[in-house]
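Understanding the architecture of this molecule
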Amino acid sequence: MEEMAPAAVRDHSIVYAPRIQDLLSRGEKVFRIDAVTVGVSDCDLIAEIVAARPVLSTERSVFKPAAGADIHHDSATRTIRALGQDVMAGIRTPPPAARGLSGAWPYAATTYMRRWLFSSDPLPVSLLSKRGVTRSDTLSRIVDRAVTVWPGSDAEGRSTALAGRIRDASGIQERRQAIALYRRATATLCDGVAALAGNALWLMGPAREQEAARADLTAVLWETLRLLPPAWMLFRKGGDAYTGLHPEIRPEDRVALFPLLMHRHLDYWADPLDFRPERWAGVADPESTPAFMPFGFEGARCWAKHLVVPLAERLLTVAFDNRLVIRSPRQETHIPLRSLLSVRFDAEVGACPDRRTP
Ligand code: HEM
């Protein structure tokens, strides 16, 4: 089943994986998905659920336990600070050759972002996040061991701050955790930014090249985060904390929160299926908008949100400067069932192959 795209990008539609489509067609804001899962897209109830208790360490994504132990708060904050330094340094660095953006999105963009931000790291650290390695558990284990024994040096002062966290670890346990955090942080960042930029390119539609010159890319990205939020579903394990909040939720249930559904509910948005970046014009703090939570609600807000939008904007600018075009599909794309919501397409940079942004 297909959901038609908004008027501005008619003939440019998305076919969602059947289970996502099934969710999109649910009218209720609180509904049972299966024997142990309750879905919620009600703005007030989601806010209450998020506020009811802090996320458990096992519910965390980047900072879930690693090397058999919880991640200390101090280690988590240092990791985010290091990632922030690396992103800011990357934004100031000339991007890699744009031909790296040609190929199957979002993967081409993920690889491109890794090359841009983390390619200065010495071997074997740079292998930690290489796609060919991360797809194989055996290769990942081998690279982990190599990095544990030899985390490289900063002889030329070129490695990233995240790689420095591995090198400066004070013991084996701390180093193992730093390795896991390097892999998770780089993956979450590069996959997330690639998904967000790809979703934006698709939503802008075939007129994107003409529009890009005058588009407010920040507004385009906030509107993309509304209509196709990469983090489309958040899980909470059950527990007594939620049972009093709604009669449908039992102690043994887990709860699935759906920004994707909330962001397109008629009760909260005018013309919710229309892709209208103008909605965000003059909105100083998009995240204070009711029923909008692309980076979570107060109490579990994303620690890296201030990095994601500027980086995606930079990536889109490189794509437009190098006349990236979507080769296929022309009119209808698929979104598979994955933890990150992202459209799939093949893209190619324009006739002028290696024009770089200054
Ligand atoms: C496009 C990229 C990203 C999106 C869309 C995104 C979205 C989100 C969302 C929706 C939440 C709330 C989760 C919940 O309540 O269950 C969240 C929380 C969080 N995010 Fe992100 N995120 C992104 C990238 C990152 C990156 C790169 C990092 C760090 C490397 C990160 C670190 C966190 C942390 C630490 C939390 C708080 C939950 C916890 O303590 O584990 N995020 N993010």
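Located above this text is the structure these notes cover.
Small disclaimer: the values here were computed from a predicted structure and weren't measured. (Residues numbered from 1 in each chain as written. Predicted model: local features only at pLDDT ≥ 70, side-chain atom pairs only at ≥ 80, totals over all residues. Heavy atoms only, no water.)

**With respect to the pairing of strand E8 (residues 332-335)**
Burial of the side chains of E8 is restricted to one face: Thr333 and Ile335 are buried, whereas none of Glu332 and His334 on the reverse face is. Two strands pair when backbone bridges link them, and strand E1 (residues 13-16) and E8 are joined in this way by 4 bridges, in the parallel orientation. Counted as the bridge partner of Tyr16 is Ile335 from E8. (Buried < 20%, exposed > 50% of the residue type's maximum accessible area, 1.4 Å probe, protein only. Helix = DSSP H or I, 4+ residues; strand = E, 2+ residues; numbered from the N terminus. Pairing = 2+ DSSP bridges.)

**Observations regarding the sheet that holds strand E4 (residues 103-105)**
The strands making up a sheet are joined through hydrogen bonds of the backbone, oriented either antiparallel or parallel. One open sheet holds the 3 strands; their spatial order is E4-E9-E7, and the pairing between them is antiparallel. Each of the sheet's edge strands pairs with one partner strand only, and the pair in question is E4 and strand E7 (325-328). Strand-to-strand, the axes of this sheet are offset by a mean angle of 50°, without reference to chain direction. The pairing of E4 with strand E9 (residues 345-348) spans 3 bridges and is antiparallel. Bridged to Gly103 within E9 is Ala347. (Axes fitted to C-alpha atoms, helices over the stretch in contact; angles between N-to-C directions.)

**So, helix H4 (residues 107-118)**
Here H4 is 12 residues long and its end C-alpha atoms lie 16 Å apart, about the 16 Å a rise of 1.5 Å per residue gives. Packed against the buried residues of H4 are helix H3 (73-92), E4, helix H7 (161-167), helix H8 (172-204) and helix H13 (305-321). (Expected span 1.5 Å × (residues − 1). Contact = heavy atoms within 4.5 Å.)

**Side note on the nonpolar core**
Ile20, Leu101, Trp105 and Leu315 are the most contacted members of the largest nonpolar core, which totals 96 residues. Residue contacts for Leu101: discarding those within four places in its chain leaves Ala108, Ala109, Tyr112, Leu315, Val318, Ala319, Leu324, Ala347 and Val349. If you look at the next biggest cluster of nonpolar residues, it comprises 8 residues, including Val62, Phe63, Ile71 and Leu181. (Core = buried A, V, L, I, M, F, W, Y, C linked by side-chain atoms within 4.5 Å.)

**Side note on the site of the ligand**
Near the ligand there are 22 residues, and of these Arg60, Arg236, Gly296, Ala300 and Cys302 occur at the shortest range. Here an oxygen atom of the ligand and a side-chain polar atom of Arg60 are 2.7 Å apart. One of the side-chain nitrogen or oxygen atoms of Arg236 is found 2.7 Å away from an oxygen atom of the ligand. The set of elements that each furnish at least two residues to the shell around the ligand consists of H3, H8 and strand E5 (234-236). Per-element accounting of the shell around the ligand gives the leading share, 4 residues, to H8. Grouping the amino acids of the shell around the ligand by side-chain chemistry returns 16 nonpolar, 3 polar and 3 charged. (Near = heavy atom within 4 Å. Polar contact = N/O pair within 3.5 Å; in protein donor to acceptor, adjacent residues only side chain to side chain. Nonpolar A, V, L, I, M, F, W, Y, C, P; charged D, E, K, R; others polar.)

**Quick word on the packing of H3 against H8**
Following both chains from N to C, one finds H3 and H8 inclined at 50°, their axes separated by 11 Å at the closest point. Comparing the axis directions of H3 and H8 gives the class oblique. Two packed elements cross with a definite hand, and for H3 against H8 that hand is right-handed. Each of Ser75, Thr79, Leu83 and Val87 in H3 lies in contact with H8, whose residues at this interface are Leu181, Ala185 and Leu189. Among the residues making up the contact of H3 with H8, the classes are represented as 5 nonpolar, 2 polar and no charged. (Parallel < 35°, antiparallel > 145°, perpendicular 65-115°, else oblique. Left-handed = near helix turned anticlockwise from the far one by under 90°.)

**Overview of H8**
Between its first and last C-alpha, H8 extends 48 Å over 33 residues, near the 48 Å set by a 1.5 Å rise per residue. The buried count for H8 comes to 27 of 33 residues, which makes it a mostly enclosed element. Positioned one or two residues after H8, Gly205 has a phi angle of 80°, which is positive.

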